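A look at the structure
Listed below are the residues making up each chain.
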Amino acid sequence: MSENKQFSIHEDWVVVILGALTIILSISGLILPVPVFGWKTATELTTTVLSVANLEIIGLQFIFVIATAALGALLTGKSVKSALFTFPFVYILTIIALVLAGNSQVKALNLEAVIFSLAIGLAIGNFFKLPEWFKSSLSTELFVKIGLVLLGTSVIFSDILKAGSLGLIQALVVVLSVWYFAFWLCKKLKVDEELTMMISSAVSICGVSAAIATSGAIKGDSKKLSYVISMVLITAIPMMIFMPYIAHYFNFPQAVTGAWLGGSIDTTGAVVASGTLVGEEALKISTIVKFSQNVLLGIAAFAISVYWTYTQHPAGKDAASKPTLKVIWERFPKFVIGFIGASLLFSFFVSPETNTAVKGSLKNLQGLWFALAFTSIGLETNFKDLFSRNSKTPFYAFLIAQGFNIIVTLIIAFFLFG
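Reading the values: rules and limits
- Residues numbered from 1 in each chain as written.
- Predicted model: local features only at pLDDT ≥ 70, side-chain atom pairs only at ≥ 80, totals over all residues.
- Heavy atoms only, no water.
- Helix = DSSP H or I, 4+ residues; strand = E, 2+ residues; numbered from the N terminus.
- Buried < 20%, exposed > 50% of the residue type's maximum accessible area, 1.4 Å probe, protein only.
- Contact = heavy atoms within 4.5 Å.
- Areas by Shrake-Rupley, 256 points an atom, 1.4 Å probe, with all protein chains shown as cover.
- Salt bridge = Lys/Arg side-chain N within 4 Å of Asp/Glu carboxyl O.
- Axes fitted to C-alpha atoms, helices over the stretch in contact; angles between N-to-C directions.
- Parallel < 35°, antiparallel > 145°, perpendicular 65-115°, else oblique.
- Nonpolar A, V, L, I, M, F, W, Y, C, P; charged D, E, K, R; others polar.
- Phe/Tyr/Trp six-rings, centres within 6.5 Å; stacked < 30°, edge-to-face > 60°.
- Expected span 1.5 Å × (residues − 1).
- Left-handed = near helix turned anticlockwise from the far one by under 90°.
- Patch = residues over 30% accessible without salt bridge, like charges linked within 9 Å, V, L, I, M, F, W, Y side chains within 5 Å.
- Core = buried A, V, L, I, M, F, W, Y, C linked by side-chain atoms within 4.5 Å.

Attention now goes to the overall build of the chain. From N to C terminus, the chain includes 21 helices and zero strands. Counting only residues that meet the buried cut, the chain has 55% of its 418 residues in that class. Of the contacts made within the chain by residues no fewer than 6 positions apart, 80% connect residues no fewer than 24 positions apart. Total accessible area on the chain stands at roughly 18200 Å², and carbon and sulfur atoms take up 70% of it.

Next up, the structure:
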């Protein structure tokens, strides 16, 4: 498969361009209808999810995202032919994951679509030998970062301010204390530098998104990122199911429970699911606290990129020649600019009417890009390679750090919201 070597833009800038283009098209009136994936019975599956009308919406969505993916391949200098060949396969697997996750019994178990995307990708990636050209044409980073830019459209500063400064105070204290503890622990257990940074961010900030942002900031190994994402998803499921019951058993106030869930559960979907189990106030507080941590994601990615440049960049090892601002800028994850820009745009410049009109479509696309990325991560990850290269020590470090996170967040939640 030939590659276009003539012209290419750095992937992070391409993501900002594609994210901005998606947002501009939505605001201008190109609002993609959201497909229906919810079903209870086999009859409902065939008459609703697999109906001609819904399949047309899924097809329309496919045209939009494959065009975006092809443009991404063109701008990054990758083979457009390979992208067009592999993308339909990834899309079909992702749609299967979304259909499975749409079942009412699966929803009752609080299992998210990304878990199915990752599982399907891993099953195929581990039981079948995929050709190297196929794996190399998967644009995992591109998909994930487009999703992150679109995530910015739902992080509204006014929502956070409405809940007062408590959510932001909690987010700051939790992120700083848990991040430092996880970092110190990983160092003690001799976990490698890349995994240390990804684990510290994933546990302390906002799970998968933070691990992805950190991996982008340090130009991390995608296999290590897959390892961290797997750990986040594995621990998020029991946390979101059992923490609401623990809170109920000990009669924690709803506000405290919400702050505890929002500050310690690593995925936004899991936070919403567990908050719903507790009640309306808990759901609101948990979402605000999680949003507060999401806001810190951009700042954290910037701080991590600066730290990484000064400690890991070849120039950083020479005390006499610390990296310049130019080097820091080169290593700074540009997609963070897209995330912050989208958040500022929807916080201060987009009218409430426009926001209401486009938010469903943009949220759907954001979730779809993440799901496509998880399918791709699964396809390119081989567990045999993963565990032979990575010992179980990082997993133990992750679990201990998560335990610390749960206790510290509960104490802070009682102090601020009790």
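Turning our attention to the pattern of salt bridges. Under the counting rule described, the total for this entry stands at five salt bridges. One salt bridge connects Lys-145 with Asp-12, and the closest N-O pair in it is separated by 2.8 Å. Highlighted residues: Lys-145 in helix H8 (residues 140-151) and Asp-12 in helix H1 (residues 11-27), separated in sequence by 133 residues. A single burial state applies to Lys-145 and to Asp-12, both of which are buried. The salt bridge involving Glu-193 is made with Lys-187; its shortest N-O contact spans 2.7 Å. According to the relative accessible area criterion, Glu-193 is partly exposed, its value standing at 26%. Each of Glu-11, Asp-12 and Lys-145 takes part in a single network of salt bridges with overlapping partners.

Okay, the packing of H8 against helix H18 (residues 335-349) next. Contact pair H8 / H18: the axes reach a minimum separation of 7 Å and the direction vectors enclose 25°. In terms of orientation, H8 lies roughly parallel with respect to H18. Contacts between H8 and H18 involve Lys-145, Leu-148, Val-149 and Leu-151 from the former and Phe-335, Gly-338, Phe-339 and Ala-342 from the latter. Here the contact of H8 with H18 is composed, by residue class, of six nonpolar, one polar and one charged.

Here the structure, examined in full by the defined rule, presents 15 aromatic pairs. Consider the rings of Phe-89 and Phe-134, whose centres lie 5.6 Å apart with planes at 75°: the pair is edge-to-face. A residue pair is termed long-range when its members are at least 10 positions apart, and Phe-89 in helix H4 (residues 80-101) and Phe-134 in helix H7 (residues 132-136) qualify at 45 residues. Ring plane angle 70° and centroid distance 6.0 Å describe the contact between Trp-133 and Phe-134, whose orientation is recorded as edge-to-face. Pairwise contacts between aromatic rings join Phe-62, Phe-87, Tyr-91, Phe-143 and Trp-369 into one cluster.

Moving on, we get to helix H3 (residues 52-75). With 24 residues, H3 should reach 34 Å at 1.5 Å per residue; the first-to-last C-alpha distance of 34 Å fits that figure. Along H3, the residues classified as buried are Asn-54, Ile-58, Gln-61, Phe-64, Val-65, Ile-66, Thr-68, Ala-69, Ala-70, Gly-72, Ala-73 and Leu-75. Trailing H3 by a residue or two, Gly-77 shows a phi angle of about 80°, which is positive.

Between H1 and helix H19 (residues 352-380), the least distance of the axes is 9 Å, while the angle of their chain directions is 140°. On the basis of their axis angle, the class for H1 and H19 is oblique. The handedness of the crossing between H1 and H19 comes out as right-handed. Where H1 abuts H19, its residues Thr-22, Ile-23, Ser-26 and Ile-27 lie against Thr-354, Val-358, Leu-362 and Leu-365. Grouping the amino acids of the contact of H1 with H19 by side-chain chemistry returns five nonpolar, three polar and no charged.

Here Ser-361 shows up in helix H19. Residues within four places of Ser-361 in sequence aside, it is in contact with Ile-31, Leu-32 and Val-34.

Turning our attention to a nonpolar patch on the surface. Nonpolar side chains collect at one region of the surface, where Leu-166, Leu-168, Ile-169, Leu-172, Val-173 and Leu-176 lie side by side and expose about 460 Å² of accessible area between them. Looking at where Leu-166 falls in the secondary structure, it is placed in helix H10 (residues 166-188). The class for Leu-166 is partly exposed, based on a relative accessible area of 31%.

Here the focus is helix H21 (residues 393-417). Along its 25 residues, H21 runs 35 Å from first to last C-alpha, staying within 8% of the 36 Å computed at 1.5 Å per residue. Of all the positions in H21, only Pro-394, Ala-397, Phe-398, Ala-401, Gln-402, Asn-405, Val-408, Thr-409, Ile-412, Ala-413, Leu-416 and Phe-417 are classed as buried.

Another point: the environment of Leu-84. Tracing the sequence through the fold places Leu-84 in helix H4. Leu-84 gets classed as partly exposed once you look at its relative accessible area, which sits at 42%. Sequence-distant contacts of Leu-84, that is, excluding residues within four places in its chain, are made with Ile-66 and Ala-70.

A few words on the nonpolar core. Of all hydrophobic cores here, the largest spans 121 residues; its most connected members are Phe-87, Ile-199, Val-228 and Ile-229. Aside from chain neighbours lying at most four places away, what touches Ile-229 is Leu-118, Val-208, Ile-212, Phe-374 and Ile-377.

The next subject is the environment of Ile-299. The residue Ile-299 is located in helix H16 (residues 280-312) in this model. Overall, the relative accessible area of 54% leaves Ile-299 in the exposed class.

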